[in-house]
Amino acid sequence: DAKTTQPNSMESNEEEPVHLPCNHSTISGTDYIHWYRQLPSQGPEYVIHGLTSNVNNRMASLAIAEDRKSSTLILHRATLRDAAVYYCILRARNAGGTSYGKLTFGQGTILTVHP
Amino acid sequence: NAGVTQTPKFQVLKTGQSMTLQCAQDMNHEYMSWYRQDPGMGLRLIHYSVGAGITDQGEVPNGYNVSRSTTEDFPLRLLSAAPSQTSVYFCASSYGIMRRSSGNTIYFGEGSWLTVV
């Protein structure tokens, strides 16, 4: 799977929007962009995913650049509960319609939310 | 629907002992994997499987064995525990056949905290 690059850490104030960037310049046309977050002492949990168009769900929004070489996870109003490590990964779609292969996570972005 | 279940949650081993971390999923997922996470670090892939009878190595496979005899189970075996294997271990699973609606969401277990003394 292609690599992603994220800032090591970001900070935000409570109730403010947060934009978490991810660069994936080697993304292929069939790679899905996934975001996960890991709260302290827990396993990672799914946040959102997308392919080409921007996506919204109850947790967040995902903005995907037109060339798909970068994406941004948007938390519209950060809460203290959003303090976590956020991971951006790419999920490849192979020619046979499968999504196998090594799934590697980078260091992620540590998000700190201040009251 | 229990999702991904890992056992045990906590374990202390002596150097040289062997043990098996269990992982089971009830979602009929083809893809299963094991990660380890050291303090303050990201997740590192140990081994993964794309279906029953098929396994492959990840980034840090040394000292670990896996097998996949059924779709549901993917145990991780520590052959001779070493202090360097002190870590938190996460099992994960997902569909292998790409599903546009889910994009093959990855589901993680709650983790197994292992200390080797």
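Just so it is clear, the structure is predicted and the values come from calculations on it, not from any experiment.

Calculation notes
Residues numbered from 1 in each chain as written. Chains lettered and ligands numbered in written order. Predicted model: local features only at pLDDT ≥ 70, side-chain atom pairs only at ≥ 80, totals over all residues. Heavy atoms only, no water. Helix = DSSP H or I, 4+ residues; strand = E, 2+ residues; numbered from the N terminus. Rg over C-alpha atoms; globule rule 2.2 N^0.38 Å. Phe/Tyr/Trp six-rings, centres within 6.5 Å; stacked < 30°, edge-to-face > 60°. Buried < 20%, exposed > 50% of the residue type's maximum accessible area, 1.4 Å probe, protein only. Lys NZ or Arg CZ within 6 Å of the ring centre and 35° of its normal. Pairing = 2+ DSSP bridges. Axes fitted to C-alpha atoms, helices over the stretch in contact; angles between N-to-C directions. Contact = heavy atoms within 4.5 Å.

Undergrad: Describe the overall build of chain B, with residues and values.
TA: A tally of regular secondary structure across chain B gives zero helices and eleven strands. The N-to-C order of helical and strand elements in chain B reads β-β-β-β-β-β-β-β-β-β-β. On C-alpha atoms alone, chain B measures out to a radius of gyration of 14 Å, which is about the 13 Å that the 2.2 N^0.38 rule sets for 117 residues. The principal-axis extents of the C-alpha atoms in chain B amount to approximately 45 × 30 × 25 Å.

Undergrad: Could you give an account of the packing of aromatic side chains, with specific residues and numbers?
TA: Throughout the structure, instances matching the rule amount to ten aromatic pairs over all chains. For the ring pair Tyr36 of chain A and Phe108 of chain B, a centre distance of 6.2 Å and an interplane angle of 75 degrees mean the geometry is edge-to-face. Here Tyr36 of chain A, found in strand 3 (residues 32–38), pairs with Phe108 of chain B, found in strand 10 (residues 107–108), and the two come from separate chains. Taking the relative accessible area as the measure of exposure, Tyr36 of chain A reaches 0% and is therefore buried. Assessed through its relative accessible area of 12%, Phe108 of chain B is described here as buried. Ring geometry for Phe10 of chain B against Trp113 of chain B: centres 5.7 Å apart, planes inclined by 35 degrees, an arrangement best described as tilted. Taken together, the positions of Phe10 of chain B in strand 2 (residues 10–13) and Trp113 of chain B in strand 11 (residues 112–116) put the pair 103 residues apart, joining distant regions of the chain. One aromatic cluster is present, built from ring pairs that chain together Tyr36, Tyr46, Tyr87 and Phe105 of chain A together with Tyr35 and Phe108 of chain B. For the cation-ring pair, Arg91 of chain A lies above Tyr31 of chain B, with the distance from its terminal atom to the ring centre recorded as 5.2 Å.

Undergrad: I'd love a proper account of the sheet that holds strand 6 (residues 61–64) of chain A, names of residues and values included.
TA: Pairing between the strands of a sheet is mediated by backbone hydrogen bonds and can be parallel or antiparallel. All names here are of chain A. Spatially, 2-7-6-5 is the arrangement adopted by the four strands of the open sheet, whose pairing is antiparallel. Only two strands of the sheet have a single partner each, and these edge strands are strand 2 (18–23) and strand 5 (55–56). Alignment of strand 5 against strand 6, held across two bridges, turns out to be antiparallel. For Asn56, the partnering residue across the bridge sits in strand 6 and is Ser61.

Undergrad: Quick rundown of the sheet that holds strand 9 (residues 109–114) of chain A? Include the residues and the values.
TA: Residues and elements named next belong to chain A. As summarised here, the arrangement of the five strands in space is 1-9-8-3-4, forming an open sheet in which the pairing is mixed. This sheet does not close on itself; its edge strands, each paired only once, are strand 1 (9–13) and strand 4 (45–50). Along the sheet, successive strands turn relative to each other by an average axial angle of 25 degrees, direction set aside. As paired strands, strand 3 and strand 8 (residues 84–91) are joined by seven bridges and run antiparallel to one another.

Undergrad: Please provide a residue-by-residue account of the environment of Ile64 of chain A, values included.
TA: All names here are of chain A. Note on placement: Ile64 falls in strand 6. A relative accessible area of 9% means that Ile64 is categorised as buried. Sequence separation between Ile64 and Asn54 is ten residues; the distance between their C-alpha atoms is 5.7 Å. Not counting the four nearest positions on each side in its chain, Ile64 is found in contact with Ile33, Gly50, Leu51, Thr52, Ser53, Asn54, Ser70 and Ser71.

Purely geometric stuff here, so don't read any function into it on its own.
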